[in-house]
Amino acid sequence: MVKMVDAPQGIEGQGFFATSLGKVIGMARANSLWPLPFATSCCGIEFMATMGSNYDLARFGSERLSFSPRQADLLMVMGTIAKKMGPVLKQVYDQMAEPKWVIAVGACASSGGIFDTYSVLQGIDRIIPVDVYVPGCPPRPEQIIEGVMKIQDLARNESLRRRNSDEYKKMLESYNIETQ
Amino acid sequence: MSQLDTRNQDKFVSTETIDGEIATLNLGPTHPATHGVFQNVMKVDGERIISSEPTIGYIHRAFEKLAERRPYNQITPITDRLNYCSSPINNMGWHMTVEKLAGIEVPKKVDYMRVIIMELARIADHLVCNSVIGVDTGALTGFTYVFQEREKIYEMYEEVCGARLTTNIGRIGGFEREFSPVFMVKLKKFLKEFPAKFQEFDNLLTRNRIFMDRVIKAGPISAEKAMSYGFTGPNLRAAGVDYDVRVMNPYSSYGDFDFIIPVGQDGDTYDRFIVRQEEIRQSLGIIRQALDGMPEGKHYADVPSFYLPPKEEVFRSMEALIYHFKIIMGETPIPAGEVYHAVEGANGELGYYLISDGGRTPYRLHFRRPCFIYYQAYPEMVKGAMLSDAILTMSSMNVIAGELDA
Amino acid sequence: MTAVNNESVLQMLKEEFTEAVMQSDTQYGMLSVEIPADRNTEIVGWLKSHSLINMGFLTDVCAVHYPEQKGRALVVVYHLHSWTKNFRMRIKCFLPAEKPEIATMTGLYNSANWMERETFDFYGVQFIGHPNLKRILNMDEMDYHPLLKQYALEDETRDDKVDSFFGR
């Protein structure tokens, strides 16, 4: 019993289907997110379990994990980010093409976790904008999948003009990320 | 025989290059094949590696400084995150260190329970390492088979402590509760069904001609060099030295169990793979022996100043209430002194050097992390090798970033 | 053939090096010997090449900071292990905090390389003769040695966490 994605609302007739462009593109983007697993520590092992056959993430369209930022849509930051790793994370984020989403998996990526020390970045939202936070130490695979489903909701309902709007550009500037 | 001859790395360490150009290749901190964040800046001549310089510290979380701030029972979650693929072993090692310092004797039943949990953790860690060696050669199927078995081990951890990966299992003085009947059922089912599934995984890779051609003679190390570089664990045993902390300095009643230590010959990737496969089988044997010979007794030592009293008594008796308050607040009567205790982790000798001044928190806690010590031999192991063999060497050494950086 | 245990090894060390064996005690079954910092390679080298004791394995190198002890504030601790005789011991060298210099063990044991770099990174102990003494775990730009007791665990420059809420 295979569950298919519902078609968006539209006007249907003999040989044609009319709907708004935003809905079609939203549906396509949401169901084919290619993640970049930026796995640094323990949450990375839970991600490996999520990609395994028991909690298969590939059924949500994330079949192809891309380790190259140029070909990825979703940056999944899993694990503690130390201050030494911060510039690397920023560079990987900069290299991704729009539209891109970021999900912070685990307590360490969201806020530094239990490591309130001199060497750990207290949350990746200090250097890059984050869309979804998944708390847990480590979060269960079901929680990681729920986080990806929330990203799917965001991708499905996003306006096509959002990435060019002034508000978005101002947000990126507040993180010192250069925009064209 | 001809394709194995080209592996001879000594022949290729020379200063003549193919076209007079040495390229610098950055096997950077984010790379699909480096399982964990560490960086290697390599100088390559075509496909041959001339030299490599590792940089680590990308996930340094300052465990040793953090441990000086936390009371003894709050340090267990930190030890979880050292080698997170086999966190129960780290937890048990820490509890045994504190018990050694405080002079606590645990009943034999606790020892056997600890052995069962530690051997399950060892199986889980070796399964990850071996399946990842397969993935790095392109064999992705083994990974999916093996992770299904790891889910069964996770379910067993959940029955005992509630968590899957970073377990915080056990307490100083024993376990928080008896093994439940559901756990026993799951364990017996695992012992019955796992060998067949493991044999399926074994059939995919161990005598597979393509796999063997790929990993034999990749990243070898001799026994003397391994000992000088501080190797312990499966990496050392693959080089031919049968050093195992469970046999040399037995702890937790390991002397009662009958198991062999598998030893390799060349110290190359194939030997490391085979040693880990055999250790999984030996661990299954140890778990069976522990289960069959489990003695009667309590699941905790009788030390009310370290081990939380049962909740019914806390609500009724004054002493239990005071002990409960003191343990939670961290006021445990640890004597001043220093102790070094080592356990056989999945990667080798995991040591805890604890100095206490009699206060709430340790004065100094140092982790002797096996990954950190043997990774320094990596540039020597890949000198003259081809780039793809270097990737295999790295993944077969089972470098876990949490243990590397701490 | 004498047995190799805490008493006999201490005896052999005292016979060979008399005044260099400054203090010793046995805690929890492990012999712990204090030696002067300038003779560490000599004494450990003797222990390694001794035909009976044969300390072939360097288990661990670390340091401890005792800020109240003036002139002996930093201790470099070596854990040694003899596989043939199954004998472990601990060697301690006390150093003053103003000038923490000690010779490197990399000539005797290759594994001391990174362990000494870690000790330098955390405590500022200078290992003379080390091939590559620079920071290993912390960022290269860091200008202090974090595990010394006078420095705090948390990042001092952060402004979002109110210490009083966290019990600090």
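In this text the structure is predicted, and so the values were computed from the model without any measurement.

Now for the overall build of chain A. Across its full length, chain A holds six helices and six strands. When the helices and strands of chain A are listed from N to C terminus, the series reads β-β-α-β-α-β-α-β-α-β-α-α. Summarising its shape, the C-alpha atoms of chain A cover approximately 65 × 40 × 25 Å along the three principal directions. In chain A, once contacts between residues fewer than 6 apart in sequence are set aside, the share between residues at least 24 apart is 78%.

Here the focus is helix H7 (residues 181–205) of chain B. All names here are of chain B. A rise of 1.5 Å per residue sets the reference length of H7, with its 25 residues, at 36 Å; its end C-alpha atoms lie 36 Å apart and thus fit the reference within 8%. Maximum bend of H7: about 35°, positioned at glutamate 193, with proline proline 195 one to four residues after it. All of the buried residues along H7 are Leu187, Phe190, Phe198, Phe201 and Leu205. Structurally, H7 contributes buried residues whose contacts are with helix H5 (108–136), helix H6 (141–161), helix H8 (209–215) and helix H12 (269–292).

Our focus in this paragraph is the sheet that holds strand E6 (residues 364–368) of chain B. Residue and element names in this part refer to chain B. What the three strands build is an open sheet, ordered E4-E5-E6; its pairing is antiparallel. Either end of the sheet is taken by a strand with one partner, and the two such strands are strand E4 (337–344) and E6. On average, each strand axis in the sheet is tilted by 10° relative to the strand beside it, whichever way the strands run. With five bridges connecting them, strand E5 (residues 349–356) and E6 associate as antiparallel partners. Residue tyrosine 352 lies in a different strand from E6, and its bridge partner there is phenylalanine 367.

A few words now on the confidence of the model for chain C. Taken over all residues, the pLDDT of chain C has a mean of 87, while the share at 70 or more is 94%. Predicted complex metrics record ipTM = 0.92 and pTM = 0.92.

With that out of the way, let us pick up the interface of chain B and chain A. Opposite the 25 residues of chain B that make contact, chain A presents 26 residues. Contributing elements (two or more residues each) for the side of chain B that touches chain A: helix H2 (63–67), H6 and helix H18 (401–405) of chain B. Sort the elements by how many residues they give to the side of chain B that touches chain A and H6(B) lands first, with five residues. Residues of the side of chain B that touches chain A, tallied by class, amount to 13 nonpolar, seven polar and five charged.

Residue and element names in this part refer to chain B. Closest axis-to-axis distance for the H12/helix H17 (residues 387–396) pair is 10 Å, and the angle between their directions is 25°. Looking at the two axes, H12 sits roughly parallel to H17. The chirality of how H12 crosses H17 is left-handed. The segment H12 lies against H17, with Thr269, Arg272 and Phe273 engaging Leu392, Thr393 and Ser396. Among the residues forming the contact of H12 with H17, the class breakdown is two nonpolar, three polar and one charged.

Residue and element names in this part refer to chain B. Within the fold, arginine 360 resides in the loop between E5 and E6. Given 15 C-beta atoms within a 10 Å radius, arginine 360 is considered partly exposed. A C-alpha to C-alpha distance of 17 Å links arginine 360 and isoleucine 104, two positions 256 residues apart in sequence. When residues no more than four places from it in sequence are discounted, the contact partners of arginine 360 are Pro71, Gly330 and Glu331.

Calculation criteria
- Residues numbered from 1 in each chain as written.
- Chains lettered and ligands numbered in written order.
- Predicted model: local features only at pLDDT ≥ 70, side-chain atom pairs only at ≥ 80, totals over all residues.
- Helix = DSSP H or I, 4+ residues; strand = E, 2+ residues; numbered from the N terminus.
- Contact = placed C-beta atoms within 7 Å.
- Expected span 1.5 Å × (residues − 1).
- Bend = angle between axes of the 7 residues up to and from the residue.
- Buried ≥ 20, exposed ≤ 12 C-beta atoms within 10 Å, placed from the backbone.
- Pairing = 2+ DSSP bridges.
- Axes fitted to C-alpha atoms, helices over the stretch in contact; angles between N-to-C directions.
- pLDDT = per-residue confidence, 0-100.
- Nonpolar A, V, L, I, M, F, W, Y, C, P; charged D, E, K, R; others polar.
- Parallel < 35°, antiparallel > 145°, perpendicular 65-115°, else oblique.
- Left-handed = near helix turned anticlockwise from the far one by under 90°.

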